Amino acid sequence: MLRRTGSHPWGIVAALAVTSTVGYGVLFYSFAVFLGPMARDLRAGSAQITAALALAIVVNAAAAPLVGRLLDRYGGRWLMTAGSVVATLTVLAWSRVESLPALYAVFACMGVAMALTLYEPAFAVVVSWFDGRSRATALLAVTLVAGFATTIFSPLSGLLDAWYGWRQALVVLAVVLGVVTVPLHLIVVRRGPDNAHPPKAGVVGDALRDPSFWLLTGAFVAQSGGVYTLAMHLVSYLTSLGHPGPFASLVTGLVGVLSVTGRLATTGLQRRWPAATVAAVMFTVQAAGAALLPFLGGTAAGAIACVLLFGIGYGVGTIARPVLFAEHFGTAGYGAIAGAATLPIALMTALGPLGGAGLEQAAGYTSVMVAVAVLCVVAAVALTVHHRRVRSTPRKTPTSQG
């Protein structure tokens, strides 16, 4: 049930859906398109260029706890507006880099911009305005729209690169980013009712002493590691099984499409069953897809079937995490608590694929798929333990003031 009356909260949701789409499209998904041209211009290897994005993710993770506390205290309007300005200037600076040190410096700044503008601050704003079923619906709306960021911005970035070159393409994308996100964050985003009073002192410390914090965080750390490791290596693995490159790319693209389906299914199922249970089932299905891939992936039908199983849970973690944290800890102090959890989750997002690459070199791709399956099972078990613990332990229902 919506905790606040009026239509303004849904206007905020619409604005955040648009800004998240543009933010992810420009700051994240365009990188893969410009990777080759950047490597040629900077006379560097792809691994050296990719390290810049990994650095941005690590900085994003490191900044998340502080940003979360600021969001709890001040709301999202000015923080997200400032982040949009920083993001725009950073993309402009990216278009001018002439060396690897300059690229790394720019992407370190971009990590701060990501922490201020992407899903985590958007979710904190949504959580401060909604509760119950309406919260899940609002989060779904943001992630469904933003799920098309790669669909829009990967081809757009490719066209701009073909027309103007990667440097001028980034200038165009910076203009799009600034024109869209700065006004929407400044004009539409407003301080939520839960930001009217600072959260009580020690809210993060209380959360850190709660075993459920570590169960939830561990679940999403494990699932993020599995998801991003498989996503990064899926094309290479399918081609190693003998599939043509275009087929491997097409099948991998199904993961993004299925993430939308998974989010829709998860939100619908949460109306009948506990969110933790629904997410655990989705993660178990993912584990089955990864585990079966070495046995069935040699045929086109088998590869598609396994990717379908894995892809259905691809976007579930994104939407289940804010629902579960807000459900268990309440909404006052949500930003700080979620920020504390974001740090290890984002680090795993950055480092998981690197670990997968090392495991592949040491033991082959089958071992990588087994590791991905194990991570998804660990995530499902952690959520199940959390749900059973909460169900068996009497506790005060969280309120908007914690």
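Residues numbered from 1 in each chain as written. Predicted model: local features only at pLDDT ≥ 70, side-chain atom pairs only at ≥ 80, totals over all residues. Heavy atoms only, no water.

Contact geometry for helix α1 (residues 8–42) and helix α2 (residues 46–74): axes closest at 8 Å, N-to-C directions at 145 degrees. Judged by the sense of rotation from one axis to the other, the crossing of α1 with α2 is right-handed. Judged by residue contacts, L27, F28, F31, L35, M38, A39 and L42 of α1 engage S46, I49, T50, L53 and I57 from α2. Of the residues contributing to the contact of α1 with α2, the split by class is 10 nonpolar, 2 polar and no charged. (Axes fitted to C-alpha atoms, helices over the stretch in contact; angles between N-to-C directions. Helix = DSSP H or I, 4+ residues; strand = E, 2+ residues; numbered from the N terminus. Left-handed = near helix turned anticlockwise from the far one by under 90°. Contact = heavy atoms within 4.5 Å. Nonpolar A, V, L, I, M, F, W, Y, C, P; charged D, E, K, R; others polar.)

It is worth spelling out the packing of aromatic side chains at this point. On inspection of all chains with the given rule, the structure shows 17 aromatic pairs. One aromatic cluster is present, built from ring pairs that chain together Y24, F28, Y29, Y119 and F123. (Phe/Tyr/Trp six-rings, centres within 6.5 Å; stacked < 30°, edge-to-face > 60°.)

For T342, the location among the structural elements is in helix α15 (residues 334–363). Owing to a relative accessible area of 6%, T342 belongs among the buried residues under this scheme. Apart from the residues lying within four places of it in its own chain, the contact partners of T342 are A61, A64, E120 and R321. (Buried < 20%, exposed > 50% of the residue type's maximum accessible area, 1.4 Å probe, protein only.)

Relative to the elements of secondary structure, L140 occurs in helix α6 (residues 132–146). The buried category is assigned to L140, whose relative accessible area is 9%. Taking the C-alpha atoms as reference, L140 lies 9.2 Å from V260; in sequence the two are 120 residues apart.

The next thing to look at is the packing of helix α10 (residues 211–240) against helix α13 (residues 300–311). At a minimum axis separation of 12 Å, α10 and α13 run at an interaxial angle of 165 degrees. Judged by the angle between their axes, α10 and α13 are roughly antiparallel. Here the hand of the crossing between α10 and α13 comes out left-handed. Together, G226, V227, L230, L234 and L238 of α10 and A303, V307 and F310 of α13 make up the contact between the two elements. Its residues placed into classes, the contact of α10 with α13 shows 7 nonpolar, 1 polar and no charged. (Parallel < 35°, antiparallel > 145°, perpendicular 65-115°, else oblique.)

What follows covers the pattern of salt bridges. All chains considered together, the criterion is met by 5 salt bridges. Here E98 makes a salt bridge to R167, at a shortest N to O gap of 3.5 Å. Remark: R167 occurs in helix α8 (residues 166–187) and E98 occurs in the loop between α3 (77–94) and α4 (100–117); sequence separation between them is 69 residues. Among the residues examined, E98 registers a relative accessible area of 61% and is labelled exposed. For the salt bridge of R209 with D206, the shortest nitrogen-to-oxygen distance reads 2.7 Å. Of the residues examined, D206 reaches a relative accessible area of 38% and is grouped as partly exposed. (Salt bridge = Lys/Arg side-chain N within 4 Å of Asp/Glu carboxyl O.)

With that settled, the discussion passes to helix α5 (residues 119–129). Counted residue by residue, α5 has 10 buried out of 11 residues, so it is predominantly covered. All buried positions along α5 are accounted for by Y119, P121, A122, F123, A124, V125, V126, V127, S128 and W129.

Quick look at α2 now. Under the 1.5 Å per step criterion, the end-to-end length of α2 is 40 Å for 29 residues, consistent within 8% with the ideal 42 Å. Downstream of α2 by one or two residues, G75 has phi in the positive range, about 80 degrees. (Expected span 1.5 Å × (residues − 1).)

Moving on, we get to a nonpolar patch on the surface. Taken together, the side chains of L292, F295, L296 and L309 define a hydrophobic patch exposed on the protein surface, amounting to about 380 Å² of accessible area. Here the nonpolar patch takes 3 residues from helix α12 (residues 275–296), the largest share from any one element. As for its position among the elements, F295 is in helix α12. (Patch = residues over 30% accessible without salt bridge, like charges linked within 9 Å, V, L, I, M, F, W, Y side chains within 5 Å. Areas by Shrake-Rupley, 256 points an atom, 1.4 Å probe, with all protein chains shown as cover.)

Overall, the prediction assigns the protein chain a mean pLDDT of 86, with 93% of residues at 70 or greater. Counting interchain partners and residues more than four positions distant, the pLDDT-below-50 stretch residues 1–6 has 23 contacts. Contacts from residues 396–402, a stretch scored under 50 in pLDDT, to residues over four places away or in other chains number 16 contacts. (pLDDT = per-residue confidence, 0-100.)

Bringing the state of the cysteines into the picture now. Covalently bonding the sulfur atom of one cysteine to the sulfur atom of another cysteine gives a disulfide. Considering all chains together, one arrives at 0 disulfides under this definition. Lacking any disulfide linkage, C376 is separated from the closest cysteine sulfur, that of C306, by 13 Å. (Disulfide = S-S within 2.5 Å.)

Turning our attention to the nonpolar core. Membership of the largest hydrophobic core comes to 100 residues, with the highest contact counts inside it found for W94, L103 and F107. Examining the composition of this core, we find that 12 residues originate from one element, α1, more than from any other. If near-sequence neighbours (up to four positions away) are discounted, W94 is found in contact with V26, S30, F31, F34, M38, L103, V106, F107, M110, W166 and L170. Listed in part, the 22 residues of the second largest apolar core include L234, A248, V251 and M369. (Core = buried A, V, L, I, M, F, W, Y, C linked by side-chain atoms within 4.5 Å.)

Mapping H243 onto the fold places it in the loop between α10 and α11 (245–269). Here the side chain of H243 touches G297 through a polar contact of 2.6 Å, landing on its backbone oxygen. Apart from the residues lying within four places of it in its own chain, the contact partners of H243 are L238, G297, G298, T299, A300 and A303. (Polar contact = N/O pair within 3.5 Å; in protein donor to acceptor, adjacent residues only side chain to side chain.)

Assignment of secondary structure puts V85 in helix α3. Residue V85 is classed as partly exposed on the basis of its relative accessible area, which comes to 37%. In the structure, V85 is positioned 28 residues away from A113 in sequence and 8.4 Å away in space, judged by C-alpha atoms.

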